[in-house]
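What follows is each chain in one-letter form.
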Amino acid sequence: MHYQYAFLPALPLVLLLSACAPSTPAATATPEPTATGKPSVTLTYGDNAQVELVTPAGRHIYIDVWNVSLLTKEPSADDVLLTTHMHPDHYFKDFVESFPGRKITMAAGEIDLPDIKVTAIVSAHLPNDPLDDPAKATNFLFLIETGDLRIVHFGDCGQLSFTAGEMAILGKVDLAITQFSNSFSMMDAANRTGFQQMDQVKPRLIIPTHYDKATLEIAVGLWPGFYANTRTVTLSPASIPEKTSLLLMGAEYTVGPYASLYKLAEWK
Ligand SMILES: [Zn+2]
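Overview of the structure. Within every chain, residues take consecutive numbers counted from 1 along the sequence as written. Local features are withheld for residues below a pLDDT of 70 in this predicted model, meaning they are given only at 70 or higher, and side-chain atom pairs are given and counted only at 80 or more; totals for whole chains, interfaces and linings count all residues.

1. Some points on the nonpolar core
Here a nonpolar core is just a set of buried residues of the types Ala, Val, Leu, Ile, Met, Phe, Trp, Tyr and Cys, joined wherever their C-beta atoms sit within 7 Å. Field definition: a residue is buried when 20 or more other C-beta atoms are found within 10 Å of its C-beta, exposed when 12 or fewer are, and partly exposed for counts in between, with C-beta atoms placed from the backbone. Counting residues in each nonpolar core, the largest one holds 63 residues, and the members touching the most others are Phe142, Leu175 and Ala176. By the criteria applied, helices consist of DSSP H or I runs no shorter than four residues and strands consist of E runs no shorter than two, each listed in order from the N terminus. Residue contributions to this core peak at five residues, all from strand E7 (residues 116-123). Remark: residues whose backbone-derived C-beta atoms lie within 7 Å of one another are considered to be in contact. Here leucine 175 is in contact with Leu149, Ile151, Pro203, Arg204, Leu205, Ile207, Leu235 and Ile240, once residues within four sequence places are set aside.

2. Digging into the sheet that holds strand E9 (residues 149-153)
On the basis of which strands lie adjacent, the open sheet formed by nine strands has the order E6-E7-E8-E9-E10-E11-E14-E12-E15 and mixed pairing. Edge positions in the open sheet fall to strand E6 (109-113) and strand E15 (265-266), since each of these has one partner strand only. DSSP-based pairing: two strands are paired if at least 2 bridges between them are found. Direction of pairing for strand E12 (residues 225-227) relative to E15: parallel, over a ladder of two bridges. Along E15, the bridge assignment pairs tyrosine 227 with glutamate 266. Here an angle of 0 to 180 degrees is reported between the N-to-C directions of two axes, which are lines fitted to C-alpha atoms, with helices fitted over the stretch in contact. Sitting on the sheet, helix H4 (residues 193-201) touches strand E10 (175-178) and strand E11 (205-208), and the angle it makes with E10 is about 160°.

3. Brief notes about the pairing of E9
Counting buried positions along E9 yields four of five residues, so the element is predominantly enclosed. Alignment of strand E8 (residues 139-146) against E9, held across five bridges, turns out to be antiparallel. By the bridge assignment, glutamate 145 is partnered in E9 with arginine 150. Taking the residues that link successive antiparallel strands as the turn, the E8-E9 hairpin has two residues, and the phi of glycine 147 there is positive, at about 55°. Pairing of E9 with E10, which is carried by three bridges, proceeds in the parallel orientation. Residue pairing for E10: isoleucine 151 is matched across the bridge by leucine 175. The crossover handedness rule: strands pointing away from the viewer, path from first strand over the helix to second strand clockwise, crossover right-handed. In this view, the connection linking E9 to its parallel neighbour E10 by way of helix H3 (residues 164-170) has right-handed handedness.

The following block contains the structure:
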C-alpha cells in the first residue's frame with residue numbers, strides 16, 4: 001500500500017499500530033466457482049462499515065474504506081469506490097482522492113458496468129435529516145447488483161423508516177450491511193430503530209456494522225445467528241438463507257467472544 005496515512009494520528013492507538021505494521025494483506029479475495037459452476041461474489045469485511053466485494057468478473061468494489069491495511073489489494077482503474085458519508089470511520093480523504101477507478105462519494109447516482117450495477121440514493125444519518133436534497137444529505141444508501149445478488153450498504157442510516165421511493169429502489173434485498181447501535185444516529189437497543197428498518201426491508205442476510213451487546217442480543221433473539229472465522233466469505237443466491245439471518249464478521253477478538261456467548265453457528 002502506498003497511501004499516505006495523514007489521518008491516522010486521529011485514529012485509536014490500536015488501529016494506528018496495526019496500520020503502521022508491515023503490510024500483511026488479508027487473504028486475496030478471488031471469486032470461487034459455486035456448485036453450479038457459476039462464479040460467486042466474495043465479501044471481505046474490514047472494520048466498522050468497511051467492506052470489499054469482488055464481483056464474479058474479479059472487479060473489486062470498495063465501500064466506506066477508512067483502514068487501508070485491511071484491503072486485499074491495491075485498487076486499479078477497473079475498481080469501484082463507494083462512500084456513504086464523511087465521518088472519519090467511513091471516509092479516508094487521501095484514499096478517495098487518489099482512487100484510480102470509478103467512484104460515488106457521498107452523492108446520488110449510478111454506475112452501470114457489465115458485471116455490476118450500483119444505485120446510490122439519498123438517506124439520513126439522523127432521523128430528521130433532510131431526504132429531499134442530495135446536496136444536504138447526510139448519508140447515502142448503495143444498492144449493488146452483482147452475481148444475481150442484491151446487496152445494500154446502508155452506511156450510518158438513522159431513518160426511522162424508509163420512504164416508498166426508497167423501498168421501490170431497494171426492492172428485494174439479499175444482503176443488508178447495516179448498523180444497530182450508534183448514538184450519532186440516535187439508534188440503540190431501547191428504540192430498536194435498526195430493527196424497525198430491517199423489518200421493513202426484510203433482507204435474507206444481515207451483516208451488522210455498528211452494534212453493541214444489547215442490540216446484538218436482540219438480533220440473535222430475532223434471527224438465526226452465524227459468525228465467520230475469516231474476514232472473507234463467498235456469497236451466492238444459493239448460499240444465503242431464505243429466512244432472515246445474521247452474519248457476524250470482523251476481528252477474531254470481537255467476533256469470537258460473541259460467537260461463544262450466543263452459540264452462533266460457523267458460516268460455511
Ligand atoms: Zn457516521
